[in-house]
Amino acid sequence: MKQKIELGKTQELVVTKKTDFGVYLNTPDGKENEKILLPKSQVPEGTELKDVLNVFVYKDSEDRPVATMLEPDIELGGVARLYVKEVTHIGAFLEWGLAKDLLLPFKEQLYEVKTGDAVLVTLYLDKSERLCASMKVYEHLCCNSPYSKDDEVDGRVYETSSNFGVFIAVDDKYSALLPKKEVFETYRINQPVHARVTQVLEDGKLSLSAKKKIPEQMNEDASFILSRLENSQGFLPFNDKSTPDDIKQHFHMSKNAFKRAIGHLLKEKLITIEKDGIHII
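Here is what the cut-offs are and how they apply
- Residues numbered from 1 in each chain as written.
- Predicted model: local features only at pLDDT ≥ 70, side-chain atom pairs only at ≥ 80, totals over all residues.
- Heavy atoms only, no water.
- Helix = DSSP H or I, 4+ residues; strand = E, 2+ residues; numbered from the N terminus.
- Buried < 20%, exposed > 50% of the residue type's maximum accessible area, 1.4 Å probe, protein only.
- Contact = heavy atoms within 4.5 Å.
- Areas by Shrake-Rupley, 256 points an atom, 1.4 Å probe, with all protein chains shown as cover.
- Lys, Arg positive; Asp, Glu negative; His and termini not counted.
- Charge placed at Lys NZ, Arg CZ, Asp CG, Glu CD.
- Pairing = 2+ DSSP bridges.
- Axes fitted to C-alpha atoms, helices over the stretch in contact; angles between N-to-C directions.
- Phe/Tyr/Trp six-rings, centres within 6.5 Å; stacked < 30°, edge-to-face > 60°.
- Lys NZ or Arg CZ within 6 Å of the ring centre and 35° of its normal.

S.K.: Teacher, can you tell me more about the overall build of the chain here?
M.R.: Of the regular secondary structure elements, the chain holds 3 helices and 18 strands. Viewed in the frame of its principal axes, the chain has a C-alpha envelope of about 90 × 40 × 30 Å. When the 281 residues of the chain are sorted by exposure, 41% land in the buried category. In the chain, once contacts between residues fewer than 6 apart in sequence are set aside, the share between residues at least 24 apart is 53%. For the chain, the exposed area adds up to about 16,200 Å²; of that, 49% sits on carbon and sulfur atoms. In the chain, which carries 39 positive and 45 negative side-chain charges, the distance between the mean positions of the two groups comes to 4 Å.

Now the structure itself:
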């Protein structure tokens, strides 16, 4: 199968012609009109015809395919966190290790980015065969993480869903989800998250929880409730009959976690539970 020069990728190409302004590169079986320029400033000293060079191919400011010896921070279909250099009327421009900055169009932004933001993006070719960035990274995250159940991980939110939960890129690379049942606060895109792996799914994606294992989490939840009681004159109008939504809204935990915590406090004789709510002793 004939090899093609690929935009957005690092590849080995052959020197087919030398000029005063650089060398032309092509695949071993490429046609004359398919060759691309590696500018003189980038040509390694001593380069000769038929030498093989490892280059990245992109488009210059005049939309012409061109090669570079520089290594970009992201390649086609990859995912990386890049800094916003400036925002213009056509979108944001990102720094990615090359002279020409990378465009993040407005339609590919999940929120309004600002200069200096570090945003998680993938690299794609638009309808005009131009390399652009997109914050819609779900399909491009890896599903082969080294993590196992109960491992603690760090990541950032890249998307939220009222139906599924909070989508997180662990290590800016691996696909993970904080399921809806585990979401007890409002998360924003780009927010850092420290979580625990609860399950590695068959497809390799990670299921997460922001809570710790039950015994440890129960102690933290009990301490939190006791602190709330102390700051509320020793009374809170909640008990094991309160609705899950009320518990989630006021304590940022599930009803089961709430019941475990107040049960622990009751056993330690730190509270009493009455019809009107919880009383501190």
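Additional details are given in the paragraphs that follow.
S.K.: Would you mind showing me how to read the sheet that holds strand β18 (residues 277-280) here?
M.R.: Hydrogen bonds between backbone groups are what pair the strands of a sheet, and the pairing can be parallel or antiparallel. Spatially, β16-β18-β17 is the arrangement adopted by the 3 strands of the open sheet, whose pairing is antiparallel. Either end of the sheet is taken by a strand with one partner, and the two such strands are β16 (235-236) and β17 (271-274). Here β16 runs beside β18; their pairing, made up of 2 bridges, is antiparallel. Across the sheet, F235 pairs through a bridge with H279, a residue of β18. Contacts from helix α3 (residues 255-267) reach β17 and β18, with the element oriented near 125° to β17.

S.K.: Looking at this model, I keep getting lost on the sheet that holds strand β13 (residues 174-179). Mind explaining?
M.R.: A barrel is described by the order of its strands in space; here 5 strands give the closed sequence β11-β12-β13-β15-β14, paired in mixed fashion. Neighbour-to-neighbour, the strand axes of this sheet turn through a mean angle of 50°, independent of strand direction. Where strand β11 (residues 152-161) and strand β12 (residues 165-170) come together, 6 bridges link them in antiparallel fashion. The residue of β12 that forms the bridge with S161 is G165.

S.K.: Could you clarify how one ought to interpret the packing of aromatic side chains in this entry?
M.R.: Centre distance and the angle of the planes are the two values used to describe a pair of aromatic rings. Following the criterion strictly, the structure yields 9 aromatic pairs and no others. Where Y147 meets Y174, the ring centres are 6.4 Å apart and the plane angle is 85°; that geometry is what we call edge-to-face. Separated by 27 residues along the polypeptide, Y147 in the loop between β10 (131-134) and β11 and Y174 in strand β13 bring together distant segments of the chain. By relative accessible area, Y174 is classed as buried at 10%. Among the aromatic side chains, those forming a connected cluster through ring pairs are F56, Y58 and W96. When the ring centre of Y24 is taken as reference, the NZ or CZ atom of K35 above it lies at 5.2 Å.

S.K.: I tried to follow unusual backbone geometry on my own but got confused; where do I start?
M.R.: The phi torsion of most residues other than glycine is negative, and most of the peptide bonds are trans. Unlike most non-glycine residues, K50 shows phi in positive territory, near 75°. Locating K50 in the fold gives a position in the loop between β3 (36-39) and β4 (52-59). With phi around 55°, Q233 is a residue other than glycine that occupies positive phi space. Position of Q233 relative to the elements: it lies in the loop between α1 (214-230) and β16. Looking at Q233, the relative accessible area reads 76%, which means it is exposed.

S.K.: How should I be thinking about the pairing of strand β2 (residues 22-26) in this particular structure?
M.R.: For a regular strand, side chains alternate in direction, first toward one face of the sheet and then toward the other. In terms of residue burial, β2 counts as a mostly covered element, since 5 of its 5 residues are buried. Across 5 bridges, the pairing between strand β1 (residues 10-19) and β2 is antiparallel. Bridge pairing in β2 places K17 opposite Y24. The antiparallel hairpin formed by β1 and β2 contains 2 residues in its connecting segment. With 4 bridges joining them, β2 and β3 adopt antiparallel strand pairing.

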